[in-house]
Amino acid sequence: MNKICKIEWNGLNNGAWDQRFNTIRRSTILQCYEYAQALCPINQHSARWGLIKIDGREAGLVQLMEVSLLKQLFHVVMLDRGPLWFDGFGDKSDLDAFFSEYNRIFKPRFGRRRRIMPESSVAVSLDILPAKRKLPYPAYQTIWVDLTPDEAALRAKLNGKWRSSLSKAEKSGVKLHLDKIGLTLSWLLDNYARDKAERKFQGPKPRTIIALCDTFAPRGNRLLMQARLDGHAIAGILIFIHGKAATYQIGWTDPDRGRKYNAHNFLLWQAMLHLKSLGIEDLDLGGVNGESAKGVKKFKMGMGGELVELCGQFK
């Protein structure tokens, strides 16, 4: 028997949404309320929030971004890395039921465009999706690190070479600076922007990072760390916390002393321990690409996480 899905839109206040969101393991930053709050103004989007019910039971959450013009004559709907499911939900039958209802709500029509990247490695039926084709992009990949084991077990899961690099950094005298105020943010953004321009890699714009910091920081959900050696900054990272999970956003390492002393290994290890102390259970290391950024993917894989590939992007 087919399951029945209903989506109740914008019926939860912020507290009720957060209460439910905070129960979800591996929640994604693109589906958290602060992300929409930060990005909608600068991208001229609006957002809506849905409580998903399967056969009358609360089953999950979904956050959409929209652009509407001329009383929705022109309508763009974007679903990125969602929906998110509560415990006991999220199998293929739930996904099919959700997208069947989604397709009913956002019917194909002239002037409406849809972009969908389901947060699922399970193949979704194209005849169910409110989309006509799979986009010819490489499937999105990320690495999730489970932070629930104890410190010794986390360290044991590190790749041997990665662990040796970490030990070298610890013995070199590299020191951690945990920036709770944000005084090092402009330093990190300047170096990140210059590195991004020189190496021509894809990544969020500095104004996007600033908007996210402005939204996440007041709730204590911005983690900004800097590595210092002999009083000089040699590396920095920025991580955002959302519910029981966190996402590595950007980082920079001095090409000379930072790399020589493995400052990035040091920072990410310290971030894992700090997040664990806060009760965070999973760290999303961000998108990886085995073609154009093999070195980055290899480095992140060394942290002992699970490589996850989503089922694709659709429109």
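As a reminder, the structure under discussion sits directly above these lines.
Residue numbers restart at each chain and count upward from 1, following the sequence in its written direction. Owing to the predicted nature of the model, reporting of local features is limited to residues with pLDDT of at least 70; listing and counting of side-chain atom pairs is limited to 80 or more, with chain, interface and lining totals taken over all residues. To obtain the side-chain values, all non-hydrogen atoms of the structure were included, while hydrogens and water were left out.

Asks: Describe the overall build of the protein, and please don't skip the residues or the numbers.
Replies: Secondary structure summary: the protein contains ten helices and 13 strands in total. The reference for a compact globule is 2.2 Å times residues^0.38; the radius of gyration itself is calculated from the C-alpha atoms. Taken against the 2.2 N^0.38 rule, which gives 20 Å for 315 residues, the C-alpha radius of gyration of the protein at 20 Å falls within 12% of a compact globule. A principal-axis box enclosing the C-alpha atoms of the protein has dimensions of 60 × 40 × 40 Å. Here the term buried applies to any residue with accessible area under 20% of the maximum for its type, exposed to any over 50%, and partly exposed to those in between, with areas from a 1.4 Å probe on protein chains only. Of all 315 residues assigned to the protein, the portion counted as buried reaches 48%. Every accessible area reported is derived by Shrake-Rupley at a probe size of 1.4 Å, with residue values counting cover from the shown protein chains alone. Accessible surface, the protein as shown: approximately 15,500 Å² in total, 51% of it carbon and sulfur. Strands are runs of DSSP state E lasting at least two residues, helices are runs of H or I lasting at least four, and both sets are numbered from the N terminus onward.

Asks: Residues and numbers for the packing of helix α2 (residues 33–43) against helix α7 (residues 206–216), please.
Replies: Orientation is described by lines fitted to C-alpha atoms, with helices fitted over the stretch in contact, and by angles between N-to-C directions that extend from 0 to 180 degrees. Relative to each other, α2 and α7 sit at 135°, their axes nearing to 8 Å. On the basis of their axis angle, the class for α2 and α7 is oblique. Judged by the sense of rotation from one axis to the other, the crossing of α2 with α7 is right-handed. On α7, the residues touching E34, Y35, Q37, A38, L39, I42 and N43 of α2 are R207, T208, A211, L212, T215 and F216. Three classes are used, and their members are as follows: Ala, Val, Leu, Ile, Met, Phe, Trp, Tyr, Cys and Pro are nonpolar, Asp, Glu, Lys and Arg are charged, and the others, Gly among them, are polar. Residues belonging to the contact of α2 with α7 are distributed by class as follows: seven nonpolar, four polar and two charged. In these notes the angle categories are as follows: under 35 degrees is roughly parallel, over 145 is roughly antiparallel, 65 to 115 is roughly perpendicular, and the rest is oblique. The hand of a helix crossing depends on one turn: near helix anticlockwise from the far one by less than a right angle means left-handed, and clockwise means right-handed. Contacts: residue pairs with any heavy atoms within 4.5 Å of one another.

Asks: Can you explain the nonpolar core? Please cite residues and give values.
Replies: Among the nonpolar cores identified, the biggest contains 51 residues, and I52, I54, L79, W85, F98, Y102 and L238 are the most heavily contacted of them. Broken down by element, this core gets its largest block of residues, six residues, from α2. Within the second largest apolar cluster, 33 residues are counted, among which are L166, I234, A235 and L285. For this analysis, a nonpolar core means a set of buried residues of the types Ala, Val, Leu, Ile, Met, Phe, Trp, Tyr and Cys, connected via side-chain atoms within 4.5 Å.

Asks: Report on a nonpolar patch on the surface, specifying residues and quantitative values.
Replies: For patch building, the residue pool is restricted to those with more than 30% relative accessible area and no salt bridge; the joining distance is 9 Å between like charges and 5 Å between nonpolar side chains (Val, Leu, Ile, Met, Phe, Trp, Tyr). The salt bridge criterion pairs a side-chain nitrogen of Lys or Arg with a carboxyl oxygen of Asp or Glu, the two atoms within 4 Å. Among the surface-exposed residues, L69, L70, L73 and F74 lie close enough to one another that they form a single nonpolar patch of about 410 Å² accessible area. Here L69 shows up in strand β3 (residues 57–69).

Asks: With reference to specific residues and values, describe the pattern of salt bridges.
Replies: For the structure on display, the rule yields 20 salt bridges. A salt bridge links R25 to D282; the nearest nitrogen and oxygen atoms lie 2.8 Å apart. Note that R25 is positioned in the loop between α1 (14–21) and α2 and D282 in strand β12 (residues 282–287), a separation of 257 residues in sequence. Given a relative accessible area of 37%, R25 falls into the partly exposed group. Residue D282 is classed as buried on the basis of its relative accessible area of 2%. One salt bridge connects R115 with D80, and the closest N-O pair in it is separated by 2.6 Å. One end of the pair, R115, is in strand β6 (residues 112–118); the other, D80, is in strand β4 (residues 74–82), with 35 residues separating them in the sequence.

Asks: Talk me through the sheet that holds β12; I want residue IDs and the actual numbers.
Replies: Here, any two strands with at least 2 DSSP bridges between them count as paired. Strand order across the open sheet formed by seven strands is β8-β9-β10-β11-β12-β7-β13, with mixed pairing between neighbours. The sheet is open, and its two borders are formed by β8 (175–179) and β13 (306–309), each paired with just one other strand. Neighbour to neighbour, the strand axes of the sheet diverge by 30° on average, direction disregarded. Pairing analysis gives eight bridges linking strand β9 (residues 222–229) to strand β10 (residues 232–242), with the strands arranged antiparallel.

Asks: An account of the packing of aromatic side chains is needed here, citing residue identities and associated values.
Replies: Stacked, edge-to-face and tilted are the three classes for Phe, Tyr and Trp ring pairs, Trp counted by its six-membered ring, which pair at centre distances within 6.5 Å; planes under 30 degrees apart are stacked, over 60 edge-to-face, the rest tilted. In total, this model carries eleven aromatic pairs according to the counting rule given. Summarising the aromatic geometry, the rings of W85 and F98 are spaced 6.3 Å apart at their centres and angled 80° between planes, so their arrangement reads as edge-to-face. With W85 in strand β5 (residues 84–85) and F98 in helix α3 (residues 92–105), this residue pair connects regions lying 13 residues apart in the sequence. In this structure F98 comes out as buried when scored by relative accessible area, which is 0%. Judged by centre distance (5.6 Å) and plane angle (45°), the rings of W162 and F299 are tilted.

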